[in-house]
Amino acid sequence: MKDTYYWFGEDRTPSNDPKKRYVACYSSQDLVHWKFRNQVLKQSDPDHLGNWILERPKVFYNKVSKVSHKFVMYMHLDGPGYKLARVAIAVSDQVDGDYTYVRSFRPLDHESRDIGQFIDDDGAAYLIFKSRPTGGFFIGKLSDDYMSVEREASFVHAPLEGGALVHYQGLYYLIGSHLTGWAPNPNVYATAKSLEGPWTEFKDIAPPETKTYSSQSSMLIKVIGEKATTVIYVGDRWKPKALWDSRYIWMPLEIGGGATILPEPKPWSLDVRSGKSSILSAK
Ligand code: GAL
């Protein structure tokens, strides 16, 4: 549906079948009020992995009319101890329909753990994936049908994960977290004029002692309105002992001129029509 946002995430509801892995989909018109749509993926162990892992689902919408599938979901697929390091894909013709599992692979033959999603202003779709042996992460361009990662657009030589990217006023801003598992750490950002780089040195996005206000980078949402553009930082607040109950921080970034800062989380308001956001100051 036009003018509707869809949000996909790991669904770890305790009553789910423990052998399966689930992805849930929600929708919103204003990015504030969300409606549960469907458990769009209810997947049994695809590769006899045993205690298997499905994380960070991302759905790409393919606007090209002659592709076989309109919606392609990428997921981090792993086995015990995170040794498999692959992506899996599933497809659907309806955004919130039941997705059908297709296959798993290593993008560009690299290990792939945390994944991120990026759509450039020209509509080109990219998968961000972290690859431990290389000491960095890749921004890989998807093929026209989105069913594979076609070429390396950028290799960022920094041992980071949770990669999230936005193009804002002519610059690419890339945010990532250090490698501390479920525990938060000081997330950092770099910029580049072109996706291919070169990327600047990484700097903190928030006072390091706050550990990114107890969150880990996940997505950057660019809301382009009639009057302004707001870039929202979406960070996971994992609860390792109750993962199903993990929460998020959504905060508008201070961004521009090659710098970005995540302000201290406070109530704020957003008008998706105008694109304006404001932090609500307590009276
Ligand atoms: C995090 C990662 C999560 C999950 C976790 C496991 O760093 O971002 O998606 O993989 O590690 O420890």
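Keep in mind the model is a prediction, meaning the values are calculated, not measured.

Quick notes on the rules
- Residues numbered from 1 in each chain as written.
- Predicted model: local features only at pLDDT ≥ 70, side-chain atom pairs only at ≥ 80, totals over all residues.
- Heavy atoms only, no water.
- Near = heavy atom within 4 Å.
- Polar contact = N/O pair within 3.5 Å; in protein donor to acceptor, adjacent residues only side chain to side chain.
- Areas by Shrake-Rupley, 256 points an atom, 1.4 Å probe, with all protein chains shown as cover.
- Domains from an automatic or database assignment.
- Helix = DSSP H or I, 4+ residues; strand = E, 2+ residues; numbered from the N terminus.
- Buried < 20%, exposed > 50% of the residue type's maximum accessible area, 1.4 Å probe, protein only.
- Pairing = 2+ DSSP bridges.
- Axes fitted to C-alpha atoms, helices over the stretch in contact; angles between N-to-C directions.
- Contact = heavy atoms within 4.5 Å.
- Salt bridge = Lys/Arg side-chain N within 4 Å of Asp/Glu carboxyl O.
- Buried area = accessible area lost by both parts, 1.4 Å probe.
- Nonpolar A, V, L, I, M, F, W, Y, C, P; charged D, E, K, R; others polar.

Chemist: How should the site of the ligand be read in this particular structure?
Modeler: Around the ligand, a shell composed of Glu55, Arg56, Tyr82, Asp114, Glu161, Gly181, Trp182 and Gln216 is seen. Glu55 is positioned with one of its side-chain polar atoms (N or O) 2.6 Å from an oxygen atom of the ligand. Separating an oxygen atom of the ligand from a side-chain N or O atom of Gln216 is a distance of 3.0 Å. When isolated, the ligand has an accessible area of 320 Å², and the protein chains bury 90% of it. Here the shell around the ligand spans two domains, since at least three of its residues come from each of domain 1 (1–113) and domain 2 (158–275).

Chemist: Just checking my understanding: could you explain unusual backbone geometry for this structure?
Modeler: Among all residues except glycine, the phi angle is most often negative; among peptide bonds, the trans geometry is most common. Cis geometry is found at the peptide bond from Gly197 to Pro198, where omega equals 0°. By the element assignment, Pro198 lies in the loop between strand S14 (188–192) and strand S15 (203–204). Backbone geometry places Tyr82, a non-glycine residue, at a positive phi of 55°. With respect to the helices and strands, the residue Tyr82 is situated in the loop between strand S5 (71–78) and strand S6 (86–92). You can call Tyr82 partly exposed: its relative accessible area is 27%.

Chemist: Would you mind going over the sheet that holds strand S11 (residues 149–156) with me for this structure?
Modeler: Within a beta sheet, neighbouring strands are joined by backbone hydrogen bonds and run either parallel or antiparallel to one another. One open sheet accounts for four strands, arranged S8-S9-S10-S11; its pairing is antiparallel. The outermost strands of the open sheet, each flanked by one partner alone, are strand S8 (115–119) and S11. Neighbouring strand axes in the sheet, compared pairwise and without regard to direction, differ in orientation by 30° on average. With five bridges connecting them, S8 and strand S9 (residues 125–131) associate as antiparallel partners. Within S9, the position partnered with Ile115 by the bridge is Phe129.

Chemist: Which parts of the structure should I look at to understand the environment of Val234?
Modeler: When you line up the elements, Val234 lands in strand S17 (residues 229–237). For Val234, a relative accessible area of 0% translates into the label buried. For the pair formed by Val234 and Ile249, sequence separation is 15 residues and the distance between their alpha carbons is 5.7 Å. Residues in contact with Val234, not counting those within four places in the same chain, are Gln216, Ser217, Ser218, Met219, Ile221, Tyr248, Ile249 and Trp250.

Chemist: I'm lost on the pairing of S14 in this one. Help?
Modeler: Regular strands have side chains that alternate between both faces of the sheet. Summarising burial for S14: five of the five residues are buried, a large majority. Alternating residues of S14 divide into Val188, Ala190 and Ala192 and Tyr189 and Thr191, and every residue in both groups is buried. Bridging between strand S13 (residues 171–177) and S14 involves five bridges; their strand directions are antiparallel. For Gly176, the partnering residue across the bridge sits in S14 and is Val188. By the bridge criterion, two bridges tie S14 to S15 in an arrangement that is antiparallel. Each residue of the ladder has a partner; that of Tyr189, found in S15, is Lys203.

Chemist: Sorry, what's going on with the pattern of salt bridges here?
Modeler: Any two side chains of opposite charge can pair, so long as their charged atoms come close to each other. Scanning all chains against the criterion turns up ten salt bridges. With a shortest N-O distance of 3.2 Å, Lys222 and Asp121 are connected by a salt bridge. With Lys222 in strand S16 (residues 216–224) and Asp121 in the loop between S8 and S9, the pair connects residues that are 101 residues apart, well separated along the chain. A relative accessible area of 52% means that Asp121 is categorised as exposed.

Chemist: Which parts of the structure should I look at to understand the domain arrangement of the chain?
Modeler: Interface size, as often reported, equals the accessible area lost upon joining of the parts. Splitting the chain by domain gives domain 1 (1–113) and domain 2 (158–275). Centre-to-centre separation of domain 1 and domain 2, based on C-alpha positions: 22 Å. With 14 residues of domain 1 in contact, the opposing surface of domain 2 contributes 17 residues. Buried surface at the junction of domain 1 and domain 2, both sides included, amounts to about 1200 Å², of which 67% is carbon and sulfur. The tally of links between domain 1 and domain 2 comes to one salt bridge. Taking the shortest distance from any N to any O, the salt bridge between Arg56 and Asp236 comes out at 3.9 Å. Counting every contact that joins domain 1 to domain 2 gives one residue pair in polar contact (both at pLDDT 80 or more). Considered class by class, the residues forming the side of domain 1 that touches domain 2 number six nonpolar, two polar and six charged.

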